[in-house]
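# Descriptive analysis of the structure
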Amino acid sequence: MATVDKSGAAFAVWLTGVGGHLVQVRATPGGGPGPSGLLDRLAVAETTDRVRAAVLNCALPWPHLPVALSLSAEAHLATLSGADLAVACAVLAAAGHLPDDWLAETVLVGELSLDGQLRPVRGVLAAVLAARRAGLRRVVVPHALAAEAALVPDMLVLAAQRLDQVVGYARGEHARLPAVGPTASPAPCTPLVDLAEVADQPDAVAALEVAAAGGHHLLLLGRPVSTSRLAHCLPGLLPDLSADQALEVTAIQSIAGLLPAEAPLITRPPFVTVSPSASVPELLGGGIGLPRPGAVSRAHHGVLFLEQAAEFGQQRLEALRTVLDDGEIRLARRDAVVSFPARCQLVLASLPCRCGSSGAPCVCSASARRRYLARLVGPLLDRVELRVRLQTPVPSTVPHVPAMDSAAVVLQRVRQARQRAARRWAARGAGTNAEVSVAVLRRESRLPDAVTAPLDQALATGALTRRGADRTLRVAWTLADLAGHDQPDAEHVLRALHLRDRRPPAC
Ligand SMILES: [Zn+2]
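We now turn to the structure provided with this report. (Residues numbered from 1 in each chain as written. Predicted model: local features only at pLDDT ≥ 70, side-chain atom pairs only at ≥ 80, totals over all residues. Heavy atoms only, no water.)

## Side note on the overall build of the chain
A count of helical and extended segments in the chain gives 19 helices and 17 strands. Considering the chain as a whole, with its 507 residues, one finds that 53% of them fall into the buried category. Within the chain, contacts between residues separated by at least 24 positions form 72% of all contacts whose residues are at least 6 apart in sequence. (Helix = DSSP H or I, 4+ residues; strand = E, 2+ residues; numbered from the N terminus. Buried < 20%, exposed > 50% of the residue type's maximum accessible area, 1.4 Å probe, protein only. Contact = heavy atoms within 4.5 Å.)

## Re the pattern of salt bridges
The tally for this structure, following the rule as stated, stands at 21 salt bridges. Of the charged contacts, one joins Asp486 and Arg420 as a salt bridge, the two residues approaching to 3.0 Å between their closest N and O atoms. Note that Asp486 is positioned in the loop between helix 18 (466–483) and helix 19 (490–501) and Arg420 in helix 15 (residues 407–425), a separation of 66 residues in sequence. The exposure class of Arg420 is partly exposed, given its relative accessible area of 23%. Note that Arg442 and Asp470 form a salt bridge whose closest N and O atoms lie 2.6 Å from each other. Within this pair, whereas Arg442 is found in helix 16 (residues 438–444), its partner Asp470 is found in helix 18, the two being separated by 28 residues in sequence. (Salt bridge = Lys/Arg side-chain N within 4 Å of Asp/Glu carboxyl O.)

## Looking at the packing of aromatic side chains
Taken as a whole and assessed by the stated rule, the structure comprises 3 aromatic pairs. Ring plane angle 70 degrees and centroid distance 6.1 Å describe the contact between Trp102 and Tyr169, whose orientation is recorded as edge-to-face. Of this pair, Trp102 sits in helix 3 (residues 100–103) while Tyr169 sits in helix 6 (residues 163–170), and the two are 67 residues apart along the sequence. Residue Trp102 is classed as buried on the basis of its relative accessible area of 9%. Accessibility expressed as a relative area gives 14% for Tyr169, which makes it buried. Consider the rings of Trp425 and Trp477, whose centres lie 5.3 Å apart with planes at 70 degrees: the pair is edge-to-face. One end of the pair, Trp425, is in helix 15; the other, Trp477, is in helix 18, with 52 residues separating them in the sequence. Each member of the pair, Trp425 as well as Trp477, carries the same accessibility label: buried. (Phe/Tyr/Trp six-rings, centres within 6.5 Å; stacked < 30°, edge-to-face > 60°.)

## With respect to the sheet that holds strand 17 (residues 386–389)
Spatial ordering of the open sheet is given by 10-13-16-9-17, a layout of 5 strands whose pairing is parallel. Edge positions in the sheet fall to strand 10 (271–274) and strand 17, since each has one partner strand and no second. When the angles between neighbouring strand axes are averaged without regard to direction, this sheet yields 15 degrees. Examined bridge by bridge, strand 9 (residues 218–221) and strand 17 share 4 bridges and lie parallel to one another. Residue Leu221 lies in a different strand from strand 17, and its bridge partner there is Arg389. Lying on the sheet, helix 8 (residues 224–233) is in contact with strand 9, strand 10, strand 13 (303–306) and strand 16 (345–350); it crosses strand 9 at an angle near 155 degrees. (Pairing = 2+ DSSP bridges. Axes fitted to C-alpha atoms, helices over the stretch in contact; angles between N-to-C directions.)

## With respect to a positive patch on the surface
On the surface, Arg354, Arg369, Arg370, Arg371 and Arg389 cluster together to form a positively charged patch. By residue number, the principal contributor to the positive patch is helix 13 (residues 366–374), which donates 3 residues. Within the secondary structure, Arg370 is located in helix 13. (Patch = residues over 30% accessible without salt bridge, like charges linked within 9 Å, V, L, I, M, F, W, Y side chains within 5 Å. Areas by Shrake-Rupley, 256 points an atom, 1.4 Å probe, with all protein chains shown as cover. Lys, Arg positive; Asp, Glu negative; His and termini not counted. Charge placed at Lys NZ, Arg CZ, Asp CG, Glu CD.)

## A few points about the environment of Pro352
Of note, Pro352 is situated in the loop between strand 16 and helix 13. Residues Pro352 and Arg389, spaced 37 residues apart in sequence, show a C-alpha to C-alpha distance of 7.9 Å. The contacts of Pro352, once residues within four sequence positions are left out, are Gly222, Arg369, Tyr372, Leu373 and Arg389.

## Here we look at the layout of surface pockets
The space that makes up the largest pocket amounts to roughly 890 Å³. In terms of lining residues, the largest pocket is bounded by 33 residues, among which Gly215, Arg343, Thr432, Ala434 and Glu435 are the most central. (1 Å grid on protein atoms, 1.4 Å probe; cavity = no way out; pocket = protein on both sides within 12 Å on 5 of 7 lines; lining within 4 Å. Points joined across faces, edges and corners; volume = space filled by probe spheres on them.)

## Details of the nonpolar core
A general trend in soluble globular proteins is that nonpolar side chains are found buried together. Residues Val107, Val296, Leu304, Leu306, Leu320 and Leu348 are the most contacted members of the largest nonpolar core, which totals 67 residues. In this structure Leu306 touches Val274, Phe312, Leu317, Leu320, Leu346, Val347, Leu348 and Ala349, once residues within four positions along its chain are discounted. (Core = buried A, V, L, I, M, F, W, Y, C linked by side-chain atoms within 4.5 Å.)

## Some remarks on the environment of Ala243
When you line up the elements, Ala243 lands in helix 9 (residues 243–255). The exposure class of Ala243 is exposed, given its relative accessible area of 63%. In this structure, the C-alpha to C-alpha distance between Ala243 and Thr465, residues 222 residues apart in sequence, is 37 Å.

## A word on helix 12 (residues 314–326)
Taking 1.5 Å of rise per residue, the 13 residues of helix 12 would be expected to cover 18 Å, and the 18 Å separating its terminal C-alpha atoms lies within 8% of that figure. Along helix 12, the residues that are buried comprise Arg316, Leu317, Leu320, Arg321, Val323 and Leu324. Around the axis of helix 12, the buried residues are gathered within 165 degrees of arc, so they sit on the same side. Buried residues belonging to helix 12 abut helix 10 (280–284), helix 11 (295–298), strand 13, strand 14 (328–332), strand 16 and helix 14 (379–382). Backbone geometry just after helix 12 places Gly327 at a positive phi near 75 degrees. (Expected span 1.5 Å × (residues − 1). Arc of directions from axis to C-beta.)

Next comes the structure, spelled out in structure tokens:
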């Protein structure tokens, strides 16, 4: 009768979005029948075959008995982030080939190729953050991802290229694995459009500054080439991400598999463009195994730009609205609910009508124009505080370009305005005017009736919804911050209404 060997255990990470949990992988040669579900059986068989080949090709021992694998949590092997290394080490520990005490204090992340190479996986930063939260301080990662893993402070990050390197190090036989310090340089910034290129649209540039200062959403009506150029100016007007924001944004990009290995830290607000042809998973997230964050999460702490917004369809715009209201997207999976943060600034762009003539005479009837823009009317548009119809460029041999502040000057004003808002709302849990709660706006920081009179009037006549009035009030606060005032006056409220009111559809 076959005897059951001792089992071995090693830690891997189960990612549930940007968050994650430590999972103990236990390997028992000759033990148990394994998982009951077909998918799990297939995943275990596939992993075992791959890991067995890697172990044997590194001239390491593999048990003669079939190996049963089990996990300490309700995770499935297929959803663990690079569990191969942990599986291999658990099996080797069962054979007495790796010290249990070293494994008990180490998190192992990486996929194995058949010849024993450690291959990169998505989401290493999130995995290392999960390890630190769980109280473990040592993590082994594939060499190619060392700089990304080292972004997490207070962790000993060991970079390995092969399985036998890890084993030799753990057994004290090999030279040290290189420990990687936090020396990663920031990822290169997205190339931006300079304000000088959009100087023929002063109203839109003014609205961009307000959007940047308050974190407000923006609608641009005009030709795609102009709206796109303007939208691309916005990230250049936003300040750098804070250290915590940078880690969060970087972790999302890492799970999306979009992080450059050589310069992983993202310090600038992301800018993500989505066109109407994007699928729902591309927009909101999804996919098999570890889900990929969608555009709405990849734009977290940055800008989500919807090209041809009127063509997205009510259903997707409505789904987007729900995500923006919640500040996160939750995706139901077989073994868990995966969630990704989604706090971004929205820029919607649309043609003013179906024929798209923003200069040449429009051939659409008035009712056709209304019908076209009515596609944008609805709860999502109600949340868009700033609306600009682009001006038609006047053909001229000597183009008149109004004098305009450089992006650096505007950014400086934006920074100062954001600092005022952050100081004011810090005790109330908000960082920008767009984030401050309705309760604070309406009660704690209530403005005198004389100041809000235009809003009350618009509410009374049905020209504004209650939410629309609150959003307009937030813009008024931003205008006051940009002007260096302690609180908005009637002028700021009127201007905020004007910035919202350039809308063709009523809402
Ligand atoms: Zn038209």
